[in-house]
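What follows is each chain in one-letter form.
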Amino acid sequence: MDLNSILYGFEVALHPTNLIFVFLGVLIGTAIGVLPGLGPSATIALLLPITYTMAPETALIMLAGIYYGSMYGGTITSVLLNLPGEAASVITTLDGYQMAVRGRAGQALSIAAIGSFIGGMVSVAALIFVAPPLAALAIRIGPPEFAVLTLLGIALITRLGTGSTWKSLAAAAFGLLLGTVGQDIFTGEQRLIGGVLELADGFDFVVVAIGVFGIGEILHNCENTAAGVAIRTKLREFLPSRKEMKTSAGPIARGSALGFGIGLLPGGGGVLSSIISYAWEKARSKTPERFGRGAIEGVAGPETANNASSTSAFVPLLTLGLPSNAVLALLYGALLIQGITPGPQLMHTSPAVFWGVIASMAIGNVFLIILNLPLVGVFTQLLRIRMSVLGPAAILISLIGAYSLANRLFDVWLVIVFGVLGYLMRKGGFDAAPFVIAFILGPIMETSFRQSLVMSGAGIGVYLQRPAALAMLVLLVAVFAAAPLKRRFGGRRRAAGDRPEQPESTPTSR
Amino acid sequence: MKTEHDAGPGRWLRPSRAIALGPLIIGGFAIPQGAALGVGGFTRPGPGLYPVIVGVALVILALPIFFIDHANDVETFTRGSLRTAVGVLSLALFVPLWQLVGLTIAGSALLFAWLRFLGRERVLVAALLSVAVSACFALIFGTLLEVPLPHDPLGIP
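Residues numbered from 1 in each chain as written. Chains lettered and ligands numbered in written order. Predicted model: local features only at pLDDT ≥ 70, side-chain atom pairs only at ≥ 80, totals over all residues. Heavy atoms only, no water.

Trainee: Before we go on, may I ask you to explain the overall build of chain B in this structure?
Mentor: Scanning chain B from N- to C-terminus turns up six helices and zero strands. For chain B, the N- to C-terminal ordering of α and β elements is α-α-α-α-α-α. Residues counted as buried form 39% of the 157 residues belonging to chain B. Here the analysis covers contacts within chain B between residues at least 6 apart in sequence; of these, 51% occur between residues at least 24 apart. When the accessible surface of chain B is totalled, it reaches about 8,600 Å², and 72% of it is carbon and sulfur. (Helix = DSSP H or I, 4+ residues; strand = E, 2+ residues; numbered from the N terminus. Buried < 20%, exposed > 50% of the residue type's maximum accessible area, 1.4 Å probe, protein only. Contact = heavy atoms within 4.5 Å. Areas by Shrake-Rupley, 256 points an atom, 1.4 Å probe, with all protein chains shown as cover.)

Trainee: Would you explain the overall build of chain A in this entry?
Mentor: Each helix and strand counted, chain A has 21 helices and two strands in total. Residues classed as buried in chain A amount to 61% of the 510 residues present. Taking the intrachain contacts of chain A between residues at least 6 apart in sequence as the baseline, contacts between residues at least 24 apart amount to 79%. When the accessible surface of chain A is split by element, carbon and sulfur atoms take 64% of a total near 18,600 Å².

Trainee: For this particular structure, what's the right way to read the packing of helix α18 (residues 409-427) of chain A against helix α4 (residues 79-101) of chain B?
Mentor: A pair of packed helices can be characterised by two numbers: the angle between their axes and the separation between those axes. Packing of α18 of chain A against α4 of chain B brings their axes to within 10 Å, and their N-to-C directions diverge by 175°. Relative to α4 of chain B, α18 of chain A is oriented roughly antiparallel. From α18 of chain A, L409, V412, W413, I416, V420, Y423 and K427 of chain A reach across to α4 of chain B, where they touch S81, T84, V88, L91, A92, V95, P96, W98 and Q99 of chain B. Here the residues of the contact of α18 of chain A with α4 of chain B are counted per class, giving 12 nonpolar, three polar and one charged. (Axes fitted to C-alpha atoms, helices over the stretch in contact; angles between N-to-C directions. Parallel < 35°, antiparallel > 145°, perpendicular 65-115°, else oblique. Nonpolar A, V, L, I, M, F, W, Y, C, P; charged D, E, K, R; others polar.)

Trainee: Teacher, can you tell me more about a nonpolar patch on the surface here?
Mentor: A contiguous nonpolar surface patch, about 420 Å² in accessible area, is contributed by W166 of chain A together with L63, F67 and I68 of chain B. Checked against the element boundaries, F67 of chain B lands in helix α3 (residues 49-67). (Patch = residues over 30% accessible without salt bridge, like charges linked within 9 Å, V, L, I, M, F, W, Y side chains within 5 Å. Salt bridge = Lys/Arg side-chain N within 4 Å of Asp/Glu carboxyl O.)

Trainee: Help me understand the environment of I437 of chain A in this model?
Mentor: Relative to the assigned elements, I437 of chain A resides in helix α19 (residues 432-456). Discounting residues that sit within four places of it in the chain, I437 of chain A has contacts with I157, N325, A326 and A329 of chain A.

Trainee: I would appreciate a short explanation of the interface of chain B and chain A in the present structure.
Mentor: Often the size quoted for an interface is simply the accessible area lost on bringing the parts together. Contact residues are listed per partner, giving 59 residues for chain B and 62 residues for chain A. Carbon and sulfur atoms supply 78% of the area that chain B and chain A bury against each other, a total of about 5,300 Å² over both sides. In this structure, the connection of chain B to chain A is made through nine residue pairs in polar contact (both at pLDDT 80 or more). Mapped by element, the contributors of at least two residues to the side of chain B that touches chain A are α2 (21-37), α3, α4, α5 (103-118) and α6 (123-144) of chain B. In terms of residue class, the side of chain B that touches chain A is built from 42 nonpolar, 12 polar and five charged. (Buried area = accessible area lost by both parts, 1.4 Å probe. Polar contact = N/O pair within 3.5 Å; in protein donor to acceptor, adjacent residues only side chain to side chain.)

Trainee: Explain the nonpolar core here, please?
Mentor: What tends to happen in soluble globular proteins is that the nonpolar side chains get buried as a cluster. Within the largest apolar cluster, 157 residues are counted, with the highest numbers of intra-cluster contacts made by F314, L399, F418 and F435 of chain A together with W98 of chain B. Built from parts of two domains, this core gets at least three residues from each of domain 1 (11-67) and domain 2 (79-144) of chain B. If you look at the next biggest cluster of nonpolar residues, it comprises 16 residues, including V79, A105, I252 and I296 of chain A. (Core = buried A, V, L, I, M, F, W, Y, C linked by side-chain atoms within 4.5 Å. Domains from an automatic or database assignment.)

Trainee: I keep staring at the environment of T319 of chain A and nothing clicks. Help me out?
Mentor: All names here are of chain A. Residue placement: T319 occurs in helix α13 (residues 314-320). Overall, T319 belongs to the buried group, its relative accessible area being 0%. For the pair T319 and A136, spaced 183 residues apart in sequence, the C-alpha separation works out to 8.5 Å. The contacts of T319, once residues within four sequence positions are left out, are A131, L134, A135, A138, G343, P344 and F354.

Trainee: Please clarify how the confidence of the model for chain A should be interpreted in this entry.
Mentor: Residues and elements named next belong to chain A. Counting all residues, the mean pLDDT for chain A is 81, and 85% of those residues have values of 70 or more. When pLDDT is averaged over each helix and strand of chain A, the minimum, 70, is found for helix α21 (residues 467-496) and the maximum, 94, for α18. Low pLDDT (under 50) marks residues 491-510, which in the prediction has 31 contacts with non-local residues, meaning those over four places away or in another chain. (pLDDT = per-residue confidence, 0-100.)

Trainee: Explain the packing of aromatic side chains to me, please; I cannot follow it from the model alone.
Mentor: Aromatic ring pairs are defined here through the distance separating the ring centres and the angle between the ring planes. Evaluation of the coordinates by the stated rule reveals 12 aromatic pairs over all chains. Judged by centre distance (5.0 Å) and plane angle (75°), the ring pair of F354 of chain A and W355 of chain A falls under edge-to-face. Judged by centre distance (6.5 Å) and plane angle (10°), the rings of F449 of chain A and Y463 of chain A are stacked. Within this pair, whereas F449 of chain A is found in helix α19, its partner Y463 of chain A is found in helix α20 (residues 462-465), the two being separated by 14 residues in sequence. In textbook terms, an aromatic cluster arises when at least three aromatic residues are bridged by ring pairs, as seen for Y403 of chain A together with F94 and W98 of chain B. The cationic tip of K167 of chain A hangs over the ring face of F430 of chain A; the distance from NZ or CZ to the ring centre is 5.7 Å. One residue, K427 of chain A, lies across the ring of F77 of chain B, its end atom 5.1 Å from the ring centre. (Phe/Tyr/Trp six-rings, centres within 6.5 Å; stacked < 30°, edge-to-face > 60°. Lys NZ or Arg CZ within 6 Å of the ring centre and 35° of its normal.)

Trainee: Whenever I open this one, the packing of helix α4 (residues 56-81) of chain A against helix α14 (residues 326-337) of chain A confuses me. Can you help?
Mentor: Residues and elements named next belong to chain A. α14 packs onto α4 with a crossing angle of 170° between their chain directions and a minimal axis gap of 10 Å. Here α4 is positioned roughly antiparallel relative to α14, judged by the angle of their axes. For the pair formed by α4 and α14, the contact residues are L60, L63, A64 and Y67 on the first element and V327, L328, L331, A334 and L335 on the second. Per-class residue counts for the contact of α4 with α14 are nine nonpolar, no polar and no charged.

Trainee: I would appreciate a short explanation of helix α10 (residues 242-264) of chain A in the present structure.
Mentor: Residue and element names in this part refer to chain A. Along its 23 residues, α10 runs 33 Å from first to last C-alpha, staying within 8% of the 33 Å computed at 1.5 Å per residue. Along α10, the helix axis deviates most sharply at S248, where the bend reaches about 35°; the proline P251 sits within four residues downstream. Along α10, the positions that sit buried rather than exposed are E244, S248, P251, I252, R254, G255, S256, L258, G259, F260, I262 and G263. (Expected span 1.5 Å × (residues − 1). Bend = angle between axes of the 7 residues up to and from the residue.)

Trainee: Honestly, the pattern of salt bridges in this entry has me stumped. Any pointers?
Mentor: If charged atoms from side chains of opposite charge come close, those side chains can pair. Residue and element names in this part refer to chain A. Under the definition given, this model contains 11 salt bridges over all chains. With a closest N to O distance of 2.9 Å, E281 and R254 form a salt bridge. A residue pair is termed long-range when its members are at least 10 positions apart, and E281 in helix α11 (residues 270-284) and R254 in helix α10 qualify at 27 residues. Accessibility expressed as a relative area gives 2% for E281, which makes it buried.

Trainee: I tried to follow unusual backbone geometry on my own but got confused; where do I start?
Mentor: Glycine aside, the phi torsion of most residues is negative, and most peptide linkages are trans. At L192 of chain A, a position not held by glycine, the phi torsion is positive, near 50°. You can see L192 of chain A is positioned in the loop between β2 (190-191) and α9 (205-223). Judged by relative accessible area, which is 16%, L192 of chain A ranks as buried. Its identity as a non-glycine residue notwithstanding, R120 of chain B has a phi of 55°, on the positive side. The topology assignment puts R120 of chain B in the loop between α5 and α6.

Trainee: Got a minute to help me understand the side chain of S168 of chain A in this structure?
Mentor: Here S168 of chain A lies in helix α8 (residues 165-178). For S168 of chain A, the contacting residues outside a window of four places in its chain are T158, D431 and P434 of chain A.

Trainee: Can you walk me through the environment of Q99 of chain B in this structure?
Mentor: When you line up the elements, Q99 of chain B lands in helix α4. Of the residues examined, Q99 of chain B reaches a relative accessible area of 54% and is grouped as exposed. Between the C-alpha atoms of Q99 of chain B and D152 of chain B, which are 53 residues apart in sequence, the distance is 8.5 Å. The residues contacting Q99 of chain B, other than those within four sequence positions of it, are L409 of chain A together with P150 of chain B.

Written as structure tokens, this is what we have:
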């Protein structure tokens, strides 16, 4: 570990401009986490055009703030309304809402904020140690390993999603195909553009993301008009008792370690870590029957794990150039727009971005706890803005944002087309996240795939000759072979446990 | 609720099965397109090799979606879908309108349509909000961010 690098990171993060933007980021993040119907992916996609004029580190610091800020914000609606503001908070509804029903909403929200703070800080600290060796290792990875690694990353995302694996795989394959549209970088030939010259450079990822996530979501919401929600829960008592703090200490510690570990995996992230943490806490509890009836451990553990993993998920992004979920894929794209390619070299070529973002996460977590503990009541007021008002405004800003990419109306048409595609995917039960991630990773995967074929001269056999590539292929097979086993386990657990009522609908692709 | 084992005349055309047509058609389109570009070989891959592989994967994935996967996650079109159709139509009308009369007027019209007819806001609220929001966006993008927006006769950006 290089102390100077970290100090440099803090120097960048504490620059007044960056301080303002990390604050803005976590504020916007918390706000959109609270608002059902507008997730971090959609918001970040909508804000991308605004980041063009910013310095790269400032842009990423703000977008990262939105990401982990939304992890906090999502908790608030899960606890108060049984409505997870984003997918990773689904598990919090189980005990968090039950606590609220029993008049302990304040305690649930505070313990979630405290746990998230600790999880985030532990993760940032661990990240400082883990990132440099991982980046050093990543430099030794050649095209064959990289091709398999990107394939593994995409495959893991389809496995870990909330929808059907087959459909997620199909969505990912479609994303890979769309990634080939435009000029072939090896031969210069135009591929799959259907005579449309504007497509010569391929689809802009911002257009795809704004359309599929932002507009697709709003078109889908437009169909199911949700009535405005009113909050009846009173938040008189905020802080958990000493006994509750003591009960939560273990789950928070375990959640931090677990979340950090899961976040490192390509394909890991908030949803998986919170589910595993919940299962772990329930399994080791002496009174598992309390779970689902307002057990504070069921809030403390998952919320900690979810925030720890969303922080450590920056490791594969910044060192391997592998975004592990849709939001990070958007951050990846934001860096590409700035002319920076995330990967092993990032630490050396753009130290301000690398260390600045890591340091800003520590500062962002401090802002979040300051914001969250006293302002919980204020954030809940945001729920009064109806989606019928928010949606149209978001659509208009999406269309203008698409136009401003290249100052042409063609992109506005494309955004509308991708919006319809996003809507149809939601109707058909296809998860939008694997689609967008595969679209972004597709060109990288194709390039390394073709490079490895050309350089080896051994054809497909090259993947069997390289031990690391082979190991990852074995892992890939194992991930899919594990599915039937998991289904069996899952079935047994469901049958045995007295699970509380699940929320009717949960956002899957936000 | 119907389950996957329900027998009946519509069994083969259930939405959860019909959805397999999506990957089948897309894959079926990609294979000949890729092949036409030149597939090459595994030691000298052509520009069409990768699209063909992905196309084949899509066609193959259509099979389990048709035969195995019957999760109840397909939403059929309802009366509510008409609202979405109207919404899409309004977006399609917005683009030429934007080019013709500029962002402030076109944006206000789009927002008004959404707020009033899709969101059922009151006329006055919808009118005020739509003008205020679109003028605000025109200022942010046109004046502050200096995006060369299509000509606005009101001269706002």
